[in-house]
Amino acid sequence: MAKIHNLGFPRIGANRELKFALEKYWKGESTQGELTELAAGLRQKHWQHQSALDLTPVGDFSFYDQVLDTSFTLGNIPARVEGLAGDELDNYFRVARGRSAHDSGCSCVHAGEMTKWFDTNYHYIVPEFTADTRFELNPQRLLAQLEEAQAQGVAAKPILVGPVTYLWLGKEKDSSNKLDLLEQLLPVYAQLLSLLAEKGVEWVQIDEPILVTELSAEWQQALEKAYQTLNQGKVKLLLATYFGELKENLSLAVNLQVQGLHVDAVRGRKEVDAVIAALPADKTLSLGVINGRNIWKTDLNAVLNWLEPIARDLGERLWIAPSCSLLHVPVDLNSEQKLDAEIKSWLAFALQKLDELSVLSRALNEGRESVAQVLADNQAAIDSRRQSTRVNNPDVQAAVAAITPALGQRQHPYAERIARQTAHLNLPAFPTTTIGSFPQTAEIRQARLKFKKGELDQDTYIRQMQAEIAHAVREQEALELDVLVHGEAERNDMVEYFGEQLDGYAFSQFGWVQSYGSRCVKPPILFGDISRPNAMTVAWTQYAQSLTDKPMKGMLTGPVTILNWSFVRDDQPRAVSCYQLALAIREEVLDLEKAGVKVIQIDEAALREGLPLRQSEWQEYLNWAVESFRITANGVADETQIHTHMCYSEFNDIIASIADMDADVITIETSRSDMELLDAFDHFRYPNEIGPGVYDIHSPNIPTEAQMVKLIQLAAQRIPAERLWVNPDCGLKTRQWAEVLPALKNMVAAAKTLRANA
Ligand code: GLN
Ligand code: ZN
């Protein structure tokens, strides 16, 4: 009998209950007791949802982040929060967010750094290590959740971040080597496993997803050593890997001293035979057969065709599960009231994925007849999606097939283009601009909400947005900025805004996924071939341009970013979806140009995020990502200036690809790095113009003229001054006008000072 289990459940709640409870607590509007009570209620509900499983995850719930939980369990707490008022939860939130619920101004500490969890959009708090790091077991959180689960009759399988992955995720704060800490880390894990055994736990899931990345020999040896040490026969260990194939780590993974191995049988499907062949005969194999990274229904019949012979071979040794934790998908499709019924019939969120798992297990254990109707319904949904004319648009497919390199090629090289652009845009040295958005005020949000609800008619809405645009233009003229923007008042979100206007996209109401802490995102669902029925931004931009003689920058989101922030199709390569997006946005670029827009910015905030986990696969991704950008941007005349914007500054390892995009101007985030990161952009590697951000828009602080002059001077040590622009790090939508106006005033003054000194 194949057992079924789950690797983790979304903890934010079907209605984002945890988010709202946390934010209330942080504002001091609720007590810790209220918060912990809500959390216990959520856990109970989530375990009930998983009651059909043979083994249920425990310890996957978190107030903020499972990696930060692990740091606290291991007693690895940054020294800066020691000795502060309050209890452990206060300190926990201090590390997570820089302050706890009741801290006023001065007791703030700096928050732990946050970074992406592998190739997901989830962000974890980076563990901090020094040569002096000591670990000390603090099992209370986990044991309490375990007792709670056991009291509720849950077949509990505690979940731990494995010791080697834990070290790998962290960062040395001095010149020490974090791998040296393994020796003293392992006894703490051993102690924890003993405690879990004493509590009657049979299986513990221990996550080592680093096994799907490229590992040096030291890290491979660390894994071997870790599981030699932890294999003490008290509990059985299920070593979980996910997010990809094991590849060169396969033999290492199957031979680690554990009792079971979980592999991602969605992304790693073609490797499963090799895993089975190599896995020692006494080990359990858990196959992650349901995709935990997307929102599509599983083709259950196809999975069974593949899985049945495996199940016959492995018998009791086979378990099945989602490919990874369900943290990365929304909770319940049944909450959706507005989704088109046909599209809805193609989808599965976390609860539906668990149902699929139950169906698979019944089919394997009792025969397909026992679930004949469900399988037939599933087949009908799969067929309807495959054949739907809403998914398949032959014109779009033909256009993608007809793509040639010429489509991504500007008329002339940068050096010739820039001369023409400078002449006809009439820009000074150190030209000033902003990244696109101006403050999204309460009035703007309200108007949009009312318009969506039908409480505001279209004409009134348009007039109100035009008034916002006019205001933004007036302010920019008064500030004497050189290249203006319309301010993006009409946009809710830089991806959703375009998705809503493209054919091939659907939107959920409750499809929230945790991004970090209480922050959630609701990725749009790219379900079909993409086309652009109408111009999306031209009218707003034209209106804005009509109000000023200064150049007005058209503002678009690029194809790679739209792709990387969406749930995407599993029935065609990501590259194909990206090319389709590129062709659609290219039409918008050309329409803007036709409407007289002379500068067009195409944001690619998420280009770097899409990099595959293995560096050996980077180039392939970068090839189609860069080509998609080129197709989008490069159909314009030499005189039209293309800008792109990226919300980060680490370019060293991808600078050749960034240069290949051939945007005339790139604006990036650099104000906090003292421009050191500009070293990547030396003249040979990056010949075009650059706007290194001089104003940190994430902070309410107002930068002074002198600070910004200094930053540009630092930049000018690395980049010839004639190629530098002066601009903030990113869009200003989260700021207040009262902060933005003085900051931009100082910024323009800084540019003028630089010009005068040139
Ligand atoms: N144009 C967008 C804005 O200004 C860019 C945002 C981003 O890169 N994240 O808001
Ligand atoms: Zn940005």
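Residues numbered from 1 in each chain as written. Chains lettered and ligands numbered in written order. Predicted model: local features only at pLDDT ≥ 70, side-chain atom pairs only at ≥ 80, totals over all residues. Heavy atoms only, no water.

As recorded in an unreviewed UniProt entry, the protein chain goes by the name 5-methyltetrahydropteroyltriglutamate--homocysteine methyltransferase, listed as coming from Photobacterium galatheae. Its UniProt record gives the protein chain the following Pathway (unreviewed entry) comment, quoted word for word: "Amino-acid biosynthesis; L-methionine biosynthesis via de novo pathway; L-methionine from L-homocysteine (MetE route): step 1/1." (UniProt positions renumbered as here; feature names shortened; annotations may be inferred.)

Brief notes about the pairing of strand β14 (residues 513-516)
Pairing of β14 with strand β15 (residues 519-521), which is carried by 3 bridges, proceeds in the antiparallel orientation. Residue Y516 lies in a different strand from β15, and its bridge partner there is R519. Counting the residues that bridge the hairpin from β14 to β15 gives 2 residues, and of these G517 lies at a positive phi of roughly 50°. (Pairing = 2+ DSSP bridges. Helix = DSSP H or I, 4+ residues; strand = E, 2+ residues; numbered from the N terminus.)

What about the site of ligand 1?
Neighbouring ligand 1 are 13 residues, the closest being S437, E488, D603, C647 and G731. A distance of 3.1 Å is found between a nitrogen atom of ligand 1 and a backbone nitrogen or oxygen belonging to I435. A distance of 2.7 Å separates an oxygen atom of ligand 1 from a polar atom in the side chain of S437. Summarising the interface, the protein chains cover 93% of the accessible area of ligand 1, which totals 290 Å² for the free molecule. (Near = heavy atom within 4 Å. Polar contact = N/O pair within 3.5 Å; in protein donor to acceptor, adjacent residues only side chain to side chain. Areas by Shrake-Rupley, 256 points an atom, 1.4 Å probe, with all protein chains shown as cover.)

Some words on empty space enclosed by the protein
As enumerated under the stated definition, the model contains 8 cavities of 30 Å³ or more in all. One number sums up the size of the largest cavity: a volume of about 290 Å³. Forming the boundary of the largest cavity are 25 residues, of which D60, Q66, I159, V161 and D207 lie nearest the centre. Counting residues per element, the ones that place at least two in the lining of the largest cavity are α3 (66-73), β6 (156-161), α7 (182-198) and β8 (203-207). Among the elements that take part in the lining of the largest cavity, α3 stands out by supplying 4 residues, more than any other. Put simply, the second largest cavity is a space of about 80 Å³. F9, P10, R11, R43, H46, W47, Q50, P57, G59, D60, F61 and Q145 together form the lining of the second largest cavity. (1 Å grid on protein atoms, 1.4 Å probe; cavity = no way out; pocket = protein on both sides within 12 Å on 5 of 7 lines; lining within 4 Å. Points joined across faces, edges and corners; volume = space filled by probe spheres on them.)

Topic: the packing of helix α15 (residues 394-401) against helix α22 (residues 574-594)
Any two packed helices are characterised by the angle at which their axes cross and by the distance between the axes. Following both chains from N to C, one finds α15 and α22 inclined at 95°, their axes separated by 10 Å at the closest point. Taken together, α15 and α22 sit at an angle that is classed as roughly perpendicular. Across the interface between the two elements, V396, A399 and V400 of α15 pack against Y579, Q580 and L583 of α22. (Axes fitted to C-alpha atoms, helices over the stretch in contact; angles between N-to-C directions. Parallel < 35°, antiparallel > 145°, perpendicular 65-115°, else oblique. Contact = heavy atoms within 4.5 Å.)

Re the sheet that holds strand β17 (residues 553-557)
In spatial order, the strands read β17-β18-β19-β20-β21; together these 5 strands make up an open sheet with parallel pairing. A strand with exactly one partner marks an edge of an open sheet, and here the two such strands are β17 and β21 (689-692). The sheet shows a mean angle of 20° between the axes of neighbouring strands, taken without regard to direction. Here 5 bridges tie β17 to strand β18 (residues 599-603), and the two strands are oriented parallel to one another. Counterpart to T557 in the pairing with β18 is D603. Relative to the sheet, α22 contacts β17 and β18, its axis offset from that of β17 by approximately 175°.

Some details on the packing of aromatic side chains
Two aromatic rings, taken as a pair, are described by how far apart their centres are and by the angle between their planes. Under the definition given, this model contains 23 aromatic pairs. Between Y25 and F93, the aromatic rings sit 5.9 Å apart at their centres with planes inclined by 50°, giving tilted as the arrangement. Of this pair, Y25 sits in helix α1 (residues 17-26) while F93 is found in helix α4 (residues 88-97), placing the two residues 68 residues apart along the sequence. Side by side, Y25 and F93 carry an identical accessibility label, which is buried. Judged by centre distance (5.1 Å) and plane angle (70°), the ring pair of F651 and F681 falls under edge-to-face. (Phe/Tyr/Trp six-rings, centres within 6.5 Å; stacked < 30°, edge-to-face > 60°. Buried < 20%, exposed > 50% of the residue type's maximum accessible area, 1.4 Å probe, protein only.)

A short note on the coordination of the zinc ion (ligand 2)
Only H645 (NE2), C647 (SG) and C730 (SG) from the protein reach the zinc ion (ligand 2) as donors, at distances of 2.0 to 2.2 Å. Angles of 78 to 122° at the metal separate the 4 donor atoms of the zinc ion (ligand 2), which places the site in the irregular class. Donor residues for the zinc ion (ligand 2) sit on one chain with the sequence pattern H-x1-C-x82-C. In this pair, H645 sits in strand β19 (residues 641-646) while C730 sits in the loop between α25 (705-716) and α26 (737-757), placing the two residues 85 residues apart along the sequence. Like H645, the residue C730 is buried in the burial classification. (Donors = N, O, S within 2.8 Å, 3.2 Å for Na, K, Ca; no water. Tetrahedral: all angles 85-135°; square planar, octahedral: opposite > 155°, others 65-115°.)

Some remarks on the sheet that holds β8
The strand order across the open sheet formed by 8 strands is β1-β12-β11-β10-β9-β8-β6-β2, and the pairing between neighbours is parallel. Each of the sheet's edge strands pairs with one partner strand only, and the pair in question is β1 (3-4) and β2 (56-58). On the sheet, helix α13 (residues 350-366) packs against β1, β11 (284-290) and β12 (318-322) and is oriented at approximately 160° with respect to β12.

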